[in-house]
Structures are given as structure tokens and as C-alpha cells.
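# Commentary on secondary and tertiary structure
Okay, here's what each chain looks like letter by letter:
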Amino acid sequence: MPVHNRDIAERFTRLANLLEIEGANPYRVRAYRNAARTIGGLSVDIADLVAKGEDLTRYPGIGKDLASKIRTLVETGELPDLAEVEKRVPTELSDLMAIEGLGSRGVKALYKRLGITGLDDLEEAARAGRIREVERFGEKSEHAILAEIEKLRGGAPERMRLADAEDVARPLVEHLTRAEGVEAIEVAGSFRRRKETVGDLDILVACADSGPAMERFVGFEDVAEVVSQGSTRSTVRLASGLHVDLRAVSPSSYGAALHYFTGSQAHNIAVRRRGVERGYKINEYGVFLSGGGEEPVAGAREEEVFERVGLPWIPPELREDRGEIQAGEQGELPELVTEDDLLGDLHAHTDATDGADSLRAMAEAAAARGYEYLAVTDHSKRVAMAHGLDADRLRRQMEEIDRVNDEGKGATLLKGCEVDILEDGSLDLPDDVLAELDLTVCSIHYQMNLPREKQTERVLRAMDNPHFRILAHPSGRAINERAPMELDMERIIEAAAARGCVLEVNAQPARLDLRDVDCRLARERGAMLALSTDAHSTDNLGLMRFAVDQARRGWVGPGSVVNTRDLGGLREALRRR
Ligand SMILES: [Zn+2]
Ligand SMILES: [Zn+2]
């Protein structure tokens, strides 16, 4: 039976949890945790790598020893270290580590004092009021534990999509900016790292006197509940359910605090460790000399924190401890694509199918954004719900595009089509009409639940068609709504690189598809990307920044993106191999 990345990651997490509860060496615990995180974030199958005999130590956090343990696990299904520790510690204790606020010491105390080994035991004890008998727990912790159990049982509360979080954050930041004495403000955390979803918002302000900012914060009109209010930190729950933390720091600590609260935790640990090696203690208040002085030696600006540990400033999107520290040290941080690099958009719908606006309006809106070109890619006939185009209607649209382009008022419209990839891998329109187009954007909208092998073959077969140009929303996922299709993304990326096909990074807030890790794999394998909005209205063209965010998280530079090129360069880049 194949062992999947997520199984491997789960085993290493369990091992780390049980060792931590046992009180093992923290370095050892951390090594297993790092390994779990690295493996969980890979988009290639570890089992495949092992089968091919590849060197696993090239992945961050995987040393020789871990590599051999992973190999054993893949080949035998066993992780001997885990079996060993499970003889001493009940394995279900690992599940309790998911309860926020318990920590390994809390879990250990509950186990030792009350014999609690799992969630059921824990719930029973909390309801019976027995947890308060254990040192460092009280009645309050019982309520908190029950609430946490409920959360776990009901599945984790949904993380908010980045675009939705942005809608919530924008007015709040504007509101806070007007507070007296606020010198700087930033939403930190995964929001600043531009992760596809956000758990809660961490807002940071710099001010000499935090009073006015805190007052203004808890008085914001969307606040449903003030969870806590203090002079340096307050927490509220907004009507949307989102929790927001506001922290106020003095301007001299702002850079250190910004770095600290931006995370990720793994990145911060790596930076702090470098600090220790250089004789510094780094925390949210600044950079301090180890063992001396109350006064920070740096910390007003984020750049100073990096400088002290011998690194250039690292863009927040890269701060996941996925190799950015090593790259920074070697002066090899990638140049990342920006919105300004983009000269056009390669996926847009009009009122000919399910878009809201006319060709002309779309061309003018694209020009208003400074674009040189916009690809019109209405649906093909298979998407009957959207009144998809057949060959005749598509040809009539091409004529209309010529007329609009002749008027010369907007961006140059490219003749395209979002062609459905049918179940057998053929395309939804005849080759002769596809040959008349500037480009095709090919995608799957039906039969999304085929088994992995079949779904992968379907896409590869579609790429065999010489008119196939861009694979749109490759995984088909909808964040918080629909899981990605079962696909061997690595094979698809490699096939695209070999054949000169392009992979889309779709900017629709629910799609963000390719994912960041797949963007990175595409870059590594030399596949080209198109950053596209899949706009269904003129407004939608403004979503482009979300595709840029994903690409940046995937270490993608302008050179890997076809729509950073002018029209001539684009036509060149879209040529098939
Ligand atoms: Zn589509
Ligand atoms: Zn579309």
C-alpha cells in the first residue's frame, strides 16, 4: 500500500508530540516537527522519490538520519522510533496536543494525575469538573477545553479566504490609521505572507501612546465582542466571526515586532537561532545582546533584524522556512514577479457567455489598467449553463474582436476560448476553428472526480492537441468548497515544460489555482506560467494581485510568466514545442 506524504507527515508529528510529552530533547522534537512540515508541504510524492532512489536530504529539514527513517517508513510502513515511544506513552495523547493551550506539560499532567489518554476522557473530566483539581488548571480552563474539543469535533473552523480577509481588514486599518499617534500600521501574520487562507488577523501599530489606538479598535463598528482589552494588546471578534488582535509597540520596536508577528513560526525560529549564533537575543521588542543590556541594539525597522543575522530583507511571501534563509545567506533570493511586471491578462469572459460586460468594455478596462493586451476566452459549448460558444458563434466573436481592435480604443483583444477538456481528453471544439485563435485556455469543468490515473491521462491527452496552449485552473479546487481533482501534478508540470504548454495561476479568490507549492515546482521544472484573473466583469480584472501573491509564494519571477512579455514576446512564448 502506498504511503502518502500526509501519512508520513502525520507519523512524524505524532512522534514529535509523544516525545515532547515524554520530555525528550527539544532539538530532537523540533527535527521531527520540521520534517513533518516539510513533507506535508511537498507537492511531489515522497514515495516516488524513494522508489527512484532520489536524495531526500536536498529538502529543508531532512538530514541523513531522517532520510533513512523516511525510506524505512515508505518501504515497510513502519516507523520504529514511533513504535518504540508508543510502548511507553499512550499514542492518543498526541491527539490532545491539538487542544490549544494545553501544551505538552498540560497533557502530561492530565495523564499523570487523572489518567486522561484521549479526547473522550478529557471531555468527561472537564464536564465532571475534575480538571480544576490538577495544578495550573482551573474552572476557566475546563470551559476553554470543552470549547476546543467542540471545535475539533466539528472540524476546525474554516479559515477565511485571503480576499475575504482583505475585505474585512481594509476598513479596519483605515479606521485605525486615523487614531491619534499611530505612526505605522500593518496587518502581519499569514495575511502579510499572503497565504491563501487566513485564520485570524494580527494588526500591528507603532505609537508612543497606545491608548487612542486601543480605544478606537474596540469601538470599531464591526466588533461583535471585545474578547480582551489591554494597553499593548486587545482582541476582538468581528461580526464575520474573524478574530482580530491589535498589538501596539513603540516605534523603536516596530521592525522587530513586525518580523515577529509576520512569522511564520518556523521562519522565526530559524532567524532567532541565527541570532543566538551571533550573540543576539531576538524577540518582538528588538534585537538584544545576549546576556547584557535592557536596550535593544536594533529593531525599529525589519531590515535591521535581518541585517543582524547576516541576511538581506526577505519578502514575507517567502517566510516559511522553505529554503529562504539559505537562499538569502547565499545571495540567491529569487527576484519575484510583481503586478507591475504584467502587460496583460490571458483569461477573461464577456457577455457572449457568462461574463457581465461587452468586448469593448473589457478592452477599455484592460487599457485603463495599463495592459497592452487582453485575451477573450469565453466558454466552449460543453458549458451549456454559461451558454458556451460553438464554432459559428466563436467565429462571429472573432470578427467582432477585429472590429473592436480596429477602433483602437482599448487594449488589443486576443482571440481565445476557454475550451473544455472532455472526459476522453479531446477538446470541445474542432481543430479548424481552434487553429484560427491566438490562444486557447483549456480546462476541466465536468467529471472532476475521475481516479487519479485517468484524470491525469485526460489532461496529458488534451496537451497532445497542438492547439492546446494554457491549462486553466489546473487542480479545479474551490477553497473551502471543493477539493482539488485527483491529479499527478508533477507529471502534468513536467509534461507542460516538455511540450511548451503553459500553466495558469488563476486569481479568482476561491480558486488560487495553481497552489503556491505547485507554482514553485513549475518554476523548478522550467514550466511557464500565466497569471490570469478569469475575469467575468471589468471589475474582476483587479483580482490580478491574488495570482501574483500565489506566484510569489512559489518563488516565481517575471521570467517564468508569459504575460510579462509584450505582444510579440507573448506570441513567441506561447509557441508549442
Ligand atoms: Zn473555467
Ligand atoms: Zn474562465
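Residues numbered from 1 in each chain as written. Chains lettered and ligands numbered in written order. Predicted model: local features only at pLDDT ≥ 70, side-chain atom pairs only at ≥ 80, totals over all residues. Heavy atoms only, no water.

With that settled, consider the overall build of the protein. For the protein, the helix and strand inventory stands at 24 helices and 16 strands. Against the 2.2 N^0.38 benchmark of 25 Å for 577 residues, the protein shows a C-alpha radius of gyration of 26 Å, consistent with a compact globule. Referenced to the eigenvectors of the C-alpha coordinate spread, the extents of the protein come out at roughly 80 × 65 × 50 Å. In the protein, which comprises 577 residues, the proportion classed as buried is 54%. Within the protein, contacts between residues separated by at least 24 positions form 68% of all contacts whose residues are at least 6 apart in sequence. Once the 78 positive and 103 negative side-chain charges of the protein are each reduced to a mean point, those two points are 4 Å apart. (Helix = DSSP H or I, 4+ residues; strand = E, 2+ residues; numbered from the N terminus. Rg over C-alpha atoms; globule rule 2.2 N^0.38 Å. Buried < 20%, exposed > 50% of the residue type's maximum accessible area, 1.4 Å probe, protein only. Contact = heavy atoms within 4.5 Å. Lys, Arg positive; Asp, Glu negative; His and termini not counted. Charge placed at Lys NZ, Arg CZ, Asp CG, Glu CD.)

For the zinc ion (ligand 2), the protein coordination sphere consists of His 347 (NE2), His 349 (NE2), Glu 418 (OE) and Asp 534 (OD), at 2.1 to 2.2 Å. Between the four donor atoms coordinating the zinc ion (ligand 2), the angles at the centre fall across 80 to 166 degrees, so the site counts as irregular. Sequence spacing among the residues donating to the zinc ion (ligand 2) works out to H-x1-H-x68-E-x115-D. In this structure the zinc ion (ligand 1) is found 3.4 Å away from the zinc ion (ligand 2), and Glu 418 serves as a bridging donor for the pair. Of the two residues, His 349 is situated in the loop between strand S10 (344–345) and helix H17 (359–368) and Glu 418 in strand S12 (residues 412–420); the sequence distance between them amounts to 69 residues. Since its relative accessible area comes to 0%, His 349 is described here as buried. The exposure class assigned to Glu 418 is buried, which follows from its relative accessible area of 0%. (Donors = N, O, S within 2.8 Å, 3.2 Å for Na, K, Ca; no water. Tetrahedral: all angles 85-135°; square planar, octahedral: opposite > 155°, others 65-115°.)

Now for the nonpolar core. The tendency in soluble globular proteins is for nonpolar side chains to be buried as a group. Formed by 146 residues in total, the largest nonpolar core has its most connected members in Phe 12, Leu 122, Leu 201, Leu 503 and Leu 531. Per-element tally for this core: the top contributor is helix H1 (residues 5–22), with eight residues. Every residue in contact with Phe 12, bar those within four places of it in the chain, is listed here: Tyr 32, Ala 36, Ile 39, Leu 66, Lys 69, Ile 70, Leu 73 and Leu 79. Tyr 280, Val 309, Ile 314 and Ile 325 belong to the second largest nonpolar core, which has 17 residues in total. (Core = buried A, V, L, I, M, F, W, Y, C linked by side-chain atoms within 4.5 Å.)

Moving on, we get to the packing of aromatic side chains. Considering all chains together, one arrives at two aromatic pairs under this definition. When the ring of Phe 12 is compared with that of Tyr 32, the centres are 5.9 Å apart and the planes differ by 25 degrees; the resulting orientation is stacked. On the criterion of sequence distance, the pair formed by Phe 12 in helix H1 and Tyr 32 in helix H2 (residues 26–40) is long-range, its members being 20 residues apart. Take Phe 12 and Tyr 32: they sit in the same class, and that class is buried. (Phe/Tyr/Trp six-rings, centres within 6.5 Å; stacked < 30°, edge-to-face > 60°.)

Turning to the environment of Leu 96, a few remarks are in order. Here Leu 96 shows up in helix H6 (residues 93–96). Residues Leu 96 and Gly 106 lie ten residues apart in sequence; the distance between their C-alpha atoms is 9.4 Å. With near-sequence residues (within four places) excluded, Leu 96 lies in contact with Leu 102, Val 107, Ile 116, Thr 117, Gly 118, Leu 119 and Leu 122.

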